[in-house]
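# Chains, contacts and geometry: an overview
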2 protein chains.
Amino acid sequence: MAKLPIPYKIYLSEEEIPKQWYNLNAAMKTKHAPFLNPATLQPCSADDLKPVFCDDCVGQEMNMSDLYIDIPEDIRSFYKMYRPSPLVRAYCLEKVLDTPAEIYYKFEGNNTSGSHKLNSAAAQAYYAKKQGLKSVTTETGAGQWGTALSMACSYYGLDLIVYMVKVSSEQKPYRKEVMRTYGAQVIPSPSDTTEAGRKILKEFPGTGGSLGCAISEAVEKAVTSDSCRYVLGSVLDHVLLHQSVIGLESKAALDKYGVEVDTVIGCVGGGSNFGGLIAPFMGDKIAGKNDIEFIGVEPASCPSLTRGKFVYDFCDSAKITPLAKMYTLGCGFMPAPNHAGGLRYHGMSPIVSELYHQGLMRAVAVEQSKVFEAAEMFARIEGILPAPESSHAIRVAIDEAIKCRETGKKKKILFGLTGTGYFDMAAYKQYNDGTMTDYIPTDADLAKGFASIPDIPQNK
Amino acid sequence: MAKLPIPYKIYLSEEEIPKQWYNLNAAMKTKHAPFLNPATLQPCSADDLKPVFCDDCVGQEMNMSDLYIDIPEDIRSFYKMYRPSPLVRAYCLEKVLDTPAEIYYKFEGNNTSGSHKLNSAAAQAYYAKKQGLKSVTTETGAGQWGTALSMACSYYGLDLIVYMVKVSSEQKPYRKEVMRTYGAQVIPSPSDTTEAGRKILKEFPGTGGSLGCAISEAVEKAVTSDSCRYVLGSVLDHVLLHQSVIGLESKAALDKYGVEVDTVIGCVGGGSNFGGLIAPFMGDKIAGKNDIEFIGVEPASCPSLTRGKFVYDFCDSAKITPLAKMYTLGCGFMPAPNHAGGLRYHGMSPIVSELYHQGLMRAVAVEQSKVFEAAEMFARIEGILPAPESSHAIRVAIDEAIKCRETGKKKKILFGLTGTGYFDMAAYKQYNDGTMTDYIPTDADLAKGFASIPDIPQNK
């Protein structure tokens, strides 16, 4: 059969927006270890999680058996505002790199939140509304997640409080303004609106805050009200589930043109975009249907997969969350200033961690200046100014394509372009000015972080 | 024949990107008056214009007879990076407004330049390259045009100097940074790189500059080099020609679903997006094939159509350009601070001016606070954070849809959503803080501007 010529952008129709999410948990032969209740060190039950998260999300979090989970029609309606997202054939980049490789990228940045985060924000806001809740809380650092959730809450008519790391809210006033435009209340953290915040303020007056502290405030605010829950933008299984629309759409678009990819590349911070992108491809690999190479790309400044430990650790630095078995640098690890804000997380999604542990994927750590070099090249050639986070995947996709030029291999490469960098121009300025520096933690730096890993029997 | 259900977003295929631009000049029974050489007050010849603009653009500027003009395949390849742009059915907005009207918008903001400006930037950069030029110059105020041209010049391998109004380059450092990322040299104007700039600096040390001064510098830089030309982002006929892809794609998408619009709405500053959006629809109206109502929306602070004079005037405030017959507030008119940066132009495209003069369209002036009210509403309901400029069209589209609710009329409304507001959050902040003010020039203010209109026989 003659193959169709592949356009620059493959758009599915609205009817082809997935009707079900893909649950990678169900596809995995060995499941990841369960979350532990920090008080009892026993596996978390649904009841342990329900005061914090929406009931439906808890159900999805614990679901290890259903490979496909229906997407409610209301969420699909929301998705229609900005999905299907385009799968782009990077013809221009291929030409400039003079590579025999075919490069494809799934572009998730063409929505006002500027990233893939909206896929899970829409779902979590919907479930909160369905449960009759009045409001949700969350934290945000770089701001992409807060923006996405603001849009979703505005759509579903939920009040939203975003605890934004104070120093970040001062450095990124425009991010804050987008959230306000969508009606969210943005509170610089630490704040005097919670016990946790007041405690920190008393102990460290004048502190710029941290993500750990912002999480503590958001969770406290949620659990102290019956009509409020907390929502999280990455790491958890149900977030990866929602993000599987990325992979499902990518696969449908590639199937339409008979393209079988050899390599799938994504950046990894908490792991939700990567987990979503690879989901159906990885499921097929586990089932013996393909031999795709999966590559997670992390910043060299925060190398949880490539240099971390696979142990139980807290998901936050304030040590109030359940314990997850994951690759971690230790919940007390403080990554150096780095512009890949969304990737500066000490741990990693338990699903992604387990896949890595089983050898089903590999990981690469890249330095910031190399990432921005790739970002600028990509912007000039493909016409999209990428987010620093996304540019980690671009870096490795380019490197792989260059290898193909050398070996003559006609690899088919797919990578996830998670978002745009319009609110990251301060970082681009540093790169353009030649003042950007790299940072790689020493073994001694890492040892300090590892010391914060809880000393529990499961970690012996 | 049963009509197809209309999706949220109508995407044409890449093959359906127009192969020809639509030349509104050829469709007009009475053409607009010719440009005048300011030295002789005689109609400009091609030779008058060629030292300033690329040869092919001059040819298009003077073409009053060919209704369709071929789009070179190279430009279509560039267009494929971000076109076709979606035509969106605003189902969510219709529902919230509880209107029987159908609302459609053509969204031109899904590219890194963030606006429709890229359509003409691509064409003008291509023609400059084809002519063997090494570089081009331009000026930018709000920054959208400079960004678009930076992207196009990077793609075609042309050097670019952007004279950016000094106060704007200081207020919008991130806009400047996007241009630098695309390799453009951004020079705050006035500068010491030109005679014009040095003169202004000597006369007004410490001035923040003006668009008129930036134009003077860019033109001087271009005409004093054989391998360089000047490019302009609006007003001129060839710019409107390039922007006709907006209207052609809109019409093709609507035709596919059998939708005949009753009203077409666009914001007007220099007139290029509006002229491009309406082009094929207006051509049909002139030919008696439809009775569409066209509405140009301008800021009340800079009301060239609704309160200006239809006379010959300079296109710039430094009085160095040819004279155009247009609606103008006088080339010396200084609009008050206002966030619709891209619409703060004293004049108006000669084509749009002539259409307005002939009664083929109407114009509405709207106040800034009402515009931002519509912008925020639209962002929350349709999920796209619009540029302040684009939001002028949104305001009137909403007003028209509300009228339909009152009259019960099932009007089909199309408006142009020219771009996104990611670099305009300072304006949104003012709106969110409640500190935004409106400004409407008094008759005395206007009289001052009118006094700057040249006193030539053609204006008697």
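What counts and what doesn't
- Residues numbered from 1 in each chain as written.
- Chains lettered and ligands numbered in written order.
- Predicted model: local features only at pLDDT ≥ 70, side-chain atom pairs only at ≥ 80, totals over all residues.
- Heavy atoms only, no water.
- 1 Å grid on protein atoms, 1.4 Å probe; cavity = no way out; pocket = protein on both sides within 12 Å on 5 of 7 lines; lining within 4 Å.
- Points joined across faces, edges and corners; volume = space filled by probe spheres on them.
- Helix = DSSP H or I, 4+ residues; strand = E, 2+ residues; numbered from the N terminus.
- Buried < 20%, exposed > 50% of the residue type's maximum accessible area, 1.4 Å probe, protein only.
- Pairing = 2+ DSSP bridges.
- Contact = heavy atoms within 4.5 Å.
- Nonpolar A, V, L, I, M, F, W, Y, C, P; charged D, E, K, R; others polar.
- Axes fitted to C-alpha atoms, helices over the stretch in contact; angles between N-to-C directions.
- Parallel < 35°, antiparallel > 145°, perpendicular 65-115°, else oblique.
- Least-squares fit on C-alpha atoms with pLDDT ≥ 70 in both.
- Salt bridge = Lys/Arg side-chain N within 4 Å of Asp/Glu carboxyl O.
- Buried area = accessible area lost by both parts, 1.4 Å probe.
- Polar contact = N/O pair within 3.5 Å; in protein donor to acceptor, adjacent residues only side chain to side chain.
- Phe/Tyr/Trp six-rings, centres within 6.5 Å; stacked < 30°, edge-to-face > 60°.
- Lys NZ or Arg CZ within 6 Å of the ring centre and 35° of its normal.

Attention shifts here to empty space enclosed by the protein. Per the counting criterion, the structure on display carries 11 cavities of 30 Å³ or more. There is about 360 Å³ of room inside the largest cavity. Around the largest cavity sit 34 residues that line it, and Asn110 of chain A together with Met81, Tyr82, Asn110 and Asn111 of chain B are the ones nearest its centre. Among the secondary structure elements, those contributing two or more residues to the lining of the largest cavity are strand E4 (87-89), helix H5 (91-97) and strand E5 (102-107) of chain A. Its volume calculated, the second largest cavity comes out at about 250 Å³. Every residue lining the second largest cavity is counted, 23 residues in all, and those nearest its centre are Met81, Tyr82 and Asn110 of chain A together with Lys9 and Ile384 of chain B.

Here we come to the pairing of strand E15 (residues 412-417) of chain A. All names here are of chain A. Where burial is concerned, most of E15 is hidden: 5 out of the 6 residues are buried. Pairing analysis gives 6 bridges linking E5 to E15, with the strands arranged parallel. Within E15, the position partnered with isoleucine 103 by the bridge is isoleucine 413.

Residues and elements named next belong to chain B. As for its placement among the helices and strands, aspartate 424 is situated in the loop between strand E15 (412-417) and helix H18 (425-433). The buried category is assigned to aspartate 424, whose relative accessible area is 10%. The contact partners of aspartate 424, leaving out residues within four places of it in the chain, are Lys172, Ala387 and Pro388.

Approximately 740 Å³ is the volume found for the second largest pocket. If you trace the second largest pocket, you find 31 residues lining it, with Tyr11, Leu12 and Ser13 of chain A together with Tyr11 and Leu12 of chain B closest to the centre. Mapped by element, the contributors of at least two residues to the lining of the second largest pocket are strand E1 (9-10) of chain A together with strand E1 (9-10) of chain B. Taken together, the residues of the lining of the second largest pocket sort by class into 18 nonpolar, 2 polar and 11 charged.

Of note, the bond from arginine 83 of chain A into proline 84 of chain A is cis; its omega dihedral lies within 30 degrees of zero at -5°. Structurally, proline 84 of chain A is set in the loop between helix H4 (73-80) and E4. Here serine 189 of chain A and proline 190 of chain A are connected by a cis peptide whose omega angle stands at 10°. The topology assignment puts proline 190 of chain A in the loop between strand E8 (185-189) and helix H10 (195-203). The phi angle at aspartate 98 of chain A is positive, at roughly 55°, despite the residue not being glycine. Of note, aspartate 98 of chain A is situated in the loop between H5 and E5. What makes aspartate 98 of chain A exposed here is its relative accessible area of 57%. A positive phi angle, near 60°, is found at leucine 41 of chain B, a position not held by glycine.

This part covers the packing of helix H16 (residues 368-382) of chain A against helix H18 (residues 425-433) of chain A. All names here are of chain A. Two elements in contact, H16 and H18, have axes separated by 11 Å at closest approach and are oriented at 95°. Judged by the inter-axis angle, H16 sits roughly perpendicular to H18. Contact residues: Ser369, Phe372, Glu373, Ala375 and Glu376 in H16; Ala427, Tyr428, Tyr431 and Asn432 in H18. Taken together, the residues of the contact of H16 with H18 sort by class into 5 nonpolar, 2 polar and 2 charged.

With that settled, consider the relation of the copies chain A and chain B. Copy one and copy two of the chain differ by a rotation about an axis and a translation along that axis. Note on the identical chains: chain A maps onto chain B by a rotation of 180° and an axial translation of 0.0 Å, with an RMSD of 0.0 Å. Accordingly, the operation relating the two chain copies is best matched by a two-fold axis. Across chain A, the smallest distance between a C-alpha and the rotation axis is recorded for asparagine 110 of chain A, namely 3.1 Å. The fraction of interface residues of chain A whose copies in chain B are also interface residues reaches 100%, indicating that both copies meet through the same surface.

For side chains bearing opposite charge, pairing can occur when the charged atoms are close. Inspection of every chain in the model, using the stated rule, returns 49 salt bridges over all chains. For the salt bridge of aspartate 399 of chain B with arginine 395 of chain B, the shortest nitrogen-to-oxygen distance reads 2.9 Å. Placement of both aspartate 399 of chain B and arginine 395 of chain B in helix H17 (residues 388-407) is noted, with a separation of 4 residues, approximately one turn of the helix. Given the relative accessible area of 31%, aspartate 399 of chain B is considered partly exposed. Each of Glu293, Arg362, Glu400, Lys403 and Lys411 of chain A takes part in a single network of salt bridges with overlapping partners.

Quoted interface sizes are often the accessible area lost when the parts come together. Taken together, the contacts link 40 residues of chain A with 40 residues of chain B. Summed over both partners, the interface of chain A with chain B comes to about 3800 Å²; 55% of that surface belongs to carbon and sulfur atoms. Per-residue buried area on chain A facing chain B is highest for Thr181, Arg380 and Tyr422 of chain A; these three make up 18% of the total on that side. Taken together, chain A and chain B are joined by 2 salt bridges. Between chain A and chain B we count 25 residue pairs in polar contact (both at pLDDT 80 or more) in total. Of all the elements in the fold, those that place two or more residues in the side of chain A that touches chain B are H4, helix H7 (144-156), helix H9 (173-181), H16 and H18 of chain A. Among the elements that make up the side of chain A that touches chain B, the one with the highest residue count is H18 of chain A (6 residues). Taken together, the residues of the side of chain A that touches chain B sort by class into 20 nonpolar, 9 polar and 11 charged.

Attention now goes to helix H9 (residues 173-181) of chain B. Three or more residues of H9 of chain B are buried, namely Arg175, Glu177, Val178, Met179 and Thr181 of chain B. In this structure, the buried side of H9 of chain B is in contact with H16 and H18 of chain A together with strand E6 (135-140), helix H7 (144-156), strand E7 (159-165) and strand E8 (185-189) of chain B. Taken from the residues just after H9 of chain B, glycine 183 of chain B is the one with a positive phi, measuring 90°.

The subject of this paragraph is the sheet that holds strand E6 (residues 135-140) of chain A. Residues and elements named next belong to chain A. Taken in spatial order, the 4 strands line up as E8-E7-E6-E9 in an open sheet, and their pairing is parallel. Of all the strands in the sheet, the pair left with one neighbour each is E8 and strand E9 (228-230). Sheet twist, expressed as the mean angle between neighbouring strand axes with direction ignored, is 25°. Relative to E8, strand E7 (residues 159-165) runs parallel, the two sharing 5 bridges. When the sheet's bridge partners are listed, methionine 164 is paired in E8 with proline 188. Contacting E6, E7 and E8, H9 runs over the sheet at an angle of about 175° to E7.

On the secondary structure map, tyrosine 182 of chain B appears in the loop between H9 and E8. Exposure remark for tyrosine 182 of chain B: the relative accessible area of 4% places this residue in the buried category. Counting along the chain gives 10 residues from tyrosine 182 of chain B to lysine 172 of chain B, while the straight-line C-alpha distance between them is 16 Å. Not counting chain neighbours up to four residues away, the residues in contact with tyrosine 182 of chain B comprise Ala379, Arg380, Gly383, Ile384 and Leu385 of chain A together with Thr112, Ser150, Met151 and Ser154 of chain B. For tyrosine 182 of chain B, the side chain forms a polar contact with the main-chain oxygen of alanine 379 of chain A, separated by 3.0 Å.

Bringing the side chain of asparagine 273 of chain B into the picture now. All names here are of chain B. Looking at the element boundaries, asparagine 273 is found in helix H13 (residues 272-286). Judged by its relative accessible area of 6%, asparagine 273 is buried. Only 2.9 Å separates the side chain of asparagine 273 from the backbone oxygen of cysteine 267, close enough to count as a polar contact. In contact with asparagine 273, other than residues within four places in its own chain, are His116, Ile246, Cys267 and Thr418.

Enumeration over the complete set of coordinates arrives at 38 aromatic pairs over all chains. Look at tyrosine 126 of chain B and tyrosine 127 of chain B: their rings are 5.2 Å apart centre to centre, the planes differ by 65°, and that puts the pair in the edge-to-face class. The pair tyrosine 126 of chain B / tyrosine 127 of chain B is uniform in exposure class, with both members buried. Taken together, the aromatic side chains of Phe78, Tyr79, Tyr82, Tyr126, Tyr127, Tyr155 and Tyr156 of chain A make up a single cluster linked through ring pairs. A cation sits over an aromatic face here: lysine 309 of chain A above phenylalanine 450 of chain A, 4.7 Å from the ring centre.

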